[in-house]
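So you can see what is in the structure, the chains are spelled out below.
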Amino acid sequence: MPYLDVNDTTLHYEDEGTGPALLLLHGWGTSGQVWGAQLPEFTGDHRVVTVDWRGCGRSARPVSGNTVAGVVGDMMALIGALRLDRPVVVGSSIGATFATELGLQHPESVGGVVAVDGSAYWPSQGMPLAELMDGLRRDRAGTVAEWVPEWYAPGTAPALIDWTVRQILDSGVHIDQHFATAGDYDPRPALPGLQVPIHYLHGELSIPIPLEVPQTCAALTPGAEVGVIAGAGHMPHQERPAEFNAALRAALTRMASAAHATA
């Protein structure tokens, strides 16, 4: 399995296919394996890189660097080391925050952003961060087992929910630092100046991050659109993979057309 040493940690990644590059970033506590339903669809005509960001999956669990800046720095090192040519970065949940910041801070290295149920400014306004962090400290397993089912729409297979819980419990406790800093994160002031195309994909029934969040962000960002995955919750790429894959392909096509028009 391929590993890469960056910024005093070790990241596990997978690199498959050829063509325009996609970099897929998972959400809090899970891993690059959550994109399994996207690989057959996109590796035929894209170079697709999935990565377990620090503290998660098969990557190392360092005590430090578990911040937006830390993960963004890791992803820039990964892009450079793998010689990815301006990948479109697709991020789920807090992974969408990392993707957005890559676009804001490094537009020369990123071809576009797809934010999938991105948390954006919502943790500071709509999530009980202090209560969540206290629960994780007191009863990590119980808190995760109670919280994760809310990520999914009614009728989701219990096996998928249980797998998500297991991934999170297997990840390092230091990733909880993301909750400690999320209350200060708000991309809205910077979005009007975003220099790369961005598209928002969101589950219709998402409870952790309501639909108003991407709608608000898109309204601030020139050319941005919101695609809604009907019947899906917070994890549309897993819950409704066929519909999600079609929506992602349509977004990539629009980005490629826009890039061609401005070339």
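In the block above lies the structure referred to throughout.
Quick notes on the rules
- Residues numbered from 1 in each chain as written.
- Predicted model: local features only at pLDDT ≥ 70, side-chain atom pairs only at ≥ 80, totals over all residues.
- Heavy atoms only, no water.
- Helix = DSSP H or I, 4+ residues; strand = E, 2+ residues; numbered from the N terminus.
- Rg over C-alpha atoms; globule rule 2.2 N^0.38 Å.
- Buried < 20%, exposed > 50% of the residue type's maximum accessible area, 1.4 Å probe, protein only.
- 1 Å grid on protein atoms, 1.4 Å probe; cavity = no way out; pocket = protein on both sides within 12 Å on 5 of 7 lines; lining within 4 Å.
- Points joined across faces, edges and corners; volume = space filled by probe spheres on them.
- Nonpolar A, V, L, I, M, F, W, Y, C, P; charged D, E, K, R; others polar.
- Polar contact = N/O pair within 3.5 Å; in protein donor to acceptor, adjacent residues only side chain to side chain.
- Contact = heavy atoms within 4.5 Å.
- Core = buried A, V, L, I, M, F, W, Y, C linked by side-chain atoms within 4.5 Å.
- Pairing = 2+ DSSP bridges.
- Axes fitted to C-alpha atoms, helices over the stretch in contact; angles between N-to-C directions.
- Phe/Tyr/Trp six-rings, centres within 6.5 Å; stacked < 30°, edge-to-face > 60°.
- Lys NZ or Arg CZ within 6 Å of the ring centre and 35° of its normal.
- Salt bridge = Lys/Arg side-chain N within 4 Å of Asp/Glu carboxyl O.

**Focus: the overall build of the protein chain**
Link 1 in the chain: Scanning the protein chain for helices and strands turns up 11 helices and eight strands.
Link 2 in the chain: The C-alpha radius of gyration computed for the protein chain amounts to 17 Å, which stays within 12% of the reference 18 Å derived for 263 residues, consistent with globular compactness.
Link 3 in the chain: Over its C-alpha atoms, taken along the principal directions, the protein chain stretches across nearly 55 × 40 × 35 Å.
Link 4 in the chain: Counting over 263 residues, the protein chain shows a buried share of 57%.

**What about empty space enclosed by the protein?**
Link 1 in the chain: One pass over the structure, following the stated rule, counts one cavity of 30 Å³ or more.
Link 2 in the chain: In this model, the largest cavity occupies a volume close to 110 Å³.
Link 3 in the chain: Together, 15 residues line the largest cavity, and Thr100, Ala115, Ala120, Tyr200 and Cys217 are the ones closest to its centre.
Link 4 in the chain: Of all the secondary structure elements, the ones that give two or more residues to the lining of the largest cavity are helix H3 (94–105) and helix H9 (212–220).
Link 5 in the chain: Residue composition of the lining of the largest cavity, grouped by class: 10 nonpolar, five polar and no charged.

**Topic: the side chain of Thr156**
Link 1 in the chain: Positionally, Thr156 belongs in the loop between helix H6 (140–147) and helix H7 (158–170).
Link 2 in the chain: Side-chain polar atoms of Thr156 contact the backbone oxygen of Ala153, separated by 2.7 Å.
Link 3 in the chain: Apart from residues no more than four positions distant in its own chain, Thr156 is found in contact with Ile161 and Glu239.

**What about the nonpolar core?**
Link 1 in the chain: Among the nonpolar cores identified, the biggest contains 61 residues, and Trp28, Trp53, Met75 and Leu78 are the most heavily contacted of them.
Link 2 in the chain: Per-element tally for this core: the top contributor is helix H2 (residues 68–81), with seven residues.
Link 3 in the chain: Beyond its immediate chain neighbours, meaning those up to four positions away, Leu78 contacts Leu4, Tyr13, Leu23, Val49 and Val51.
Link 4 in the chain: Trp35, Val48, Val88 and Val114 belong to the second largest nonpolar core, which has 19 residues in total.

**Concerning the environment of Leu102**
Link 1 in the chain: Mapped onto the elements of the fold, Leu102 is located in helix H3.
Link 2 in the chain: Sequence separation between Leu102 and Met76 is 26 residues, and the spatial gap between their C-alpha atoms is 7.8 Å.
Link 3 in the chain: Residues contacting Leu102, with those up to four places away along its chain left out, are Leu25, Val72, Met75, Met76, Val89, Pro107 and Val110.

**Some points on the environment of Val113**
Link 1 in the chain: By the element assignment, Val113 lies in strand E6 (residues 112–116).
Link 2 in the chain: Relative accessible area serves as the criterion here: at 0%, Val113 is assigned to the buried category.
Link 3 in the chain: In this view, Val113 contacts Val88, Val89, Ala99, Thr100, Gly103, Val196, Pro197, Ile198, His199 and Met255; residues no more than four positions away in its chain are not counted.

**Notes on the sheet that holds strand E4 (residues 47–52)**
Strand pairing in a sheet relies on backbone hydrogen bonds. The paired strands run either parallel or antiparallel.
Link 1 in the chain: The strand order across the open sheet formed by eight strands is E1-E2-E4-E3-E5-E6-E7-E8, and the pairing between neighbours is mixed. Edge strands, defined here as strands with exactly one partner in the open sheet, are strand E1 (3–6) and strand E8 (225–229). Between one strand and the next, the sheet's axes are offset by a mean angle of 25°, whatever the strand orientation.
Link 2 in the chain: Pairing of E1 with strand E2 (residues 9–16) involves four bridges; the strand directions are antiparallel. Its bridge partner lying in E2, Leu4 is registered against Leu11.

**Considerations on the packing of aromatic side chains**
For any pair of aromatic rings, the description consists of the separation of the ring centres together with the inter-plane angle of the planes.
Link 1 in the chain: Within the structure shown, the criterion is met by six aromatic pairs.
Link 2 in the chain: For the pair Trp35 and Phe244, a centre-to-centre distance of 6.5 Å together with 40° between the ring planes defines the contact as tilted. With Trp35 in the loop between strand E3 (21–25) and helix H1 (39–42) and Phe244 in helix H11 (residues 241–262), the pair connects residues that are 209 residues apart, well separated along the chain.
Link 3 in the chain: With a relative accessible area of 1%, Trp35 lands in the buried category.
Link 4 in the chain: Through successive ring pairs, a cluster of aromatic residues spans Trp28, Trp147, Trp151 and Phe179.
Link 5 in the chain: Residue placement shows Arg188 over the ring face of Tyr121; its charged tip is 3.8 Å from the ring centre.

**Details of the pattern of salt bridges**
When charged atoms on two side chains of opposite charge get close, those side chains can pair.
Link 1 in the chain: Scanning all chains against the criterion turns up 11 salt bridges.
Link 2 in the chain: As a salt-bridge pair, Glu225 and Arg254 come within 3.7 Å of each other at their nearest N and O atoms. Residue Glu225 is found in strand E8, and its partner Arg254 is found in helix H11; the two are separated by 29 residues along the sequence.
Link 3 in the chain: Three or more residues joined by partner-sharing salt bridges are found here, namely Glu14, Asp52 and Arg58.

**Observations concerning unusual backbone geometry**
Link 1 in the chain: In the Ramachandran plot, Asn7 falls in the positive-phi region, its phi being about 45° despite a non-glycine side chain.
Link 2 in the chain: Here Asn7 lies in the loop between E1 and E2.
Link 3 in the chain: Non-glycine residue Ser93 carries a positive phi angle of around 55°.
Link 4 in the chain: Among the secondary structure elements, Ser93 is positioned in the loop between strand E5 (88–92) and H3.

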